[in-house]
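What the coordinates show
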Amino acid sequence: MKFVTVGAGPCGLHVSQLLLKQGHEVTILEEHDRVGAPIHCAGLVGKKLVDKFGSRHVINNIDGAHIFLNDTGFFLKRKNVAFVLDRYGFDRSFAIDISIEYDQRVVSVAKDPSGKFHIKTPGSSICADAIIGADGPVSIVRKSLEMKSSIRYFSGCQQRIRTELEDEHMVIVDINRPFFSWAIPEGNGIVRVGAIGSMKGVDAMREKFGIKGEVIDFIQAPIPVGRAELVKDGAFLLGDAAAQTKPTTGGGLYYGLRGAELLAKAVGEGAPERYQKYWNKEFGREIRLGLAARRLYEHISKNDLSLLFSVLMEKKKYIEAEADFEKHSTAIKTFLLNPKTLSVIMRNLKLFLH
Ligand SMILES: Cc1cc2nc3c(=O)[nH]c(=O)nc-3n(C[C@H](O)[C@H](O)[C@H](O)COP(=O)(O)OP(=O)(O)OC[C@H]3O[C@@H](n4cnc5c(N)ncnc54)[C@H](O)[C@@H]3O)c2cc1C
């Protein structure tokens, strides 16, 4: 079968590698002139991802987090709970021994009556039996083929700052609204300070935690949160193009790379449409509960948010021992059993159920 993958990000490359191994023909089109740049990521991932893909591109290990709401904060400690990636090197590791057509920006995709896809770039047109849209948050594949979606975009902003940190192995997370902000030490006196919302969130984070120093670089890119149709008659969406991200934090590497494996598995079984079913089985509950948690976080009163934060503090021991960095649903379900959480949910039932 001849596939075209649009987008040479980690998800598009991973699925392409897996399909090539199955003996399919795969053409990869990438709008930039190389893999891994520009980088739109804080590079924080959990142990599961590192166990699967190796630690060659890990540049720092994280032993916990200092979590804040307003002026209240508490520590969560667990050795090697997360890792900081050199995202450039990580992405490039998926491009080994694979041919990529660079400077090929896909501008439209159409399907003819015989079922073939015609993929247009400014200078050419390619024909394929199947197409994979791994082309990031504002996917042209999704748009051209009118694949259904319900996605909200959040502005992800981040600065890399040269500075002195007290502890190079603890992240700071501030959930004070309207921003969700972080400071992630990458080692060697550099910290990634970011926020979901706007650069104002980054400034506020720096001000609050006294993070001074030279800004080495900065990024601003959309983070998609929600759901999308993954399969439509030979067309597939993957990674950020399919909003395969954690609704709570926007982290997408683990979800998207796992999505690539589920798609390849379905294709390998000769039943590509099963990709949607496999995704729903593994991540449906994550997305559903994550979206409910996000709605509550955004809209409940200050008092209710403080109440939920107090439950988080009470559950510190449980989170330290049990919480899964990549899958938040188990932790969320444990919070749901707490009477304080239940009282907040009952007051905001419409938001929770939506
Ligand atoms: C500020 C910020 C911080 C983040 N931090 C984290 C984090 O700490 N941990 C985590 O897990 N996730 C994080 N994420 C999310 C993570 O970066 C994404 O989920 C991940 O990059 C998705 O990979 P992908 O392969 O789906 O898409 P991408 O990495 O976006 O790759 C898509 C590729 O498609 C190409 N492309 C796009 N359009 C076209 C076109 N028309 N034609 C040809 N090529 C095209 C692009 O050039 C790109 O190479 C963060 C995101 C942001 C914005």
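Residues numbered from 1 in each chain as written. Predicted model: local features only at pLDDT ≥ 70, side-chain atom pairs only at ≥ 80, totals over all residues. Heavy atoms only, no water.

Quick word on the pattern of salt bridges
Applying the stated rule across the entire model yields 22 salt bridges. Between glutamate 214 and arginine 162 there is a salt bridge, and its shortest N-O distance comes to 3.5 Å. Taken together, the residues glutamate 214 in strand E15 (residues 214-228) and arginine 162 in strand E11 (residues 149-162) connect sequence positions 52 residues apart. In this structure glutamate 214 comes out as partly exposed when scored by relative accessible area, which is 48%. For arginine 162, a relative accessible area of 43% translates into the label partly exposed. Among the charged side chains, a network of salt bridges with common partners joins Lys52, Arg258, Glu261 and Glu282. (Salt bridge = Lys/Arg side-chain N within 4 Å of Asp/Glu carboxyl O. Helix = DSSP H or I, 4+ residues; strand = E, 2+ residues; numbered from the N terminus. Buried < 20%, exposed > 50% of the residue type's maximum accessible area, 1.4 Å probe, protein only.)

Here's the deal with the site of the ligand
The immediate surroundings of the ligand are formed by 33 residues, with Glu30, His32, Ala42, Arg87 and Asp240 found nearest. Within the contact set of the ligand, an oxygen atom lies 3.0 Å away from a backbone nitrogen or oxygen of leucine 253. Tallying contributions element by element places E15 first for the shell around the ligand, with three residues. For the shell around the ligand, a count of residues per class yields 15 nonpolar, twelve polar and six charged. (Near = heavy atom within 4 Å. Polar contact = N/O pair within 3.5 Å; in protein donor to acceptor, adjacent residues only side chain to side chain. Nonpolar A, V, L, I, M, F, W, Y, C, P; charged D, E, K, R; others polar.)

Regarding the pairing of strand E10 (residues 130-133)
If a strand is regular, its side chains alternate between the two faces of the sheet. Where burial is concerned, the two faces of E10 agree: the one with Ala130 and Ile132 and the one with Ile131 and Gly133 are both buried. Where strand E1 (residues 2-6) meets E10, four bridges bridge the pair, whose relative direction is parallel. From the neighbouring strand, threonine 5 faces E10, where its bridge partner is isoleucine 132. With three bridges connecting them, E10 and strand E17 (residues 235-237) associate as parallel partners. By the bridge assignment, isoleucine 131 is partnered in E17 with alanine 235. (Pairing = 2+ DSSP bridges.)

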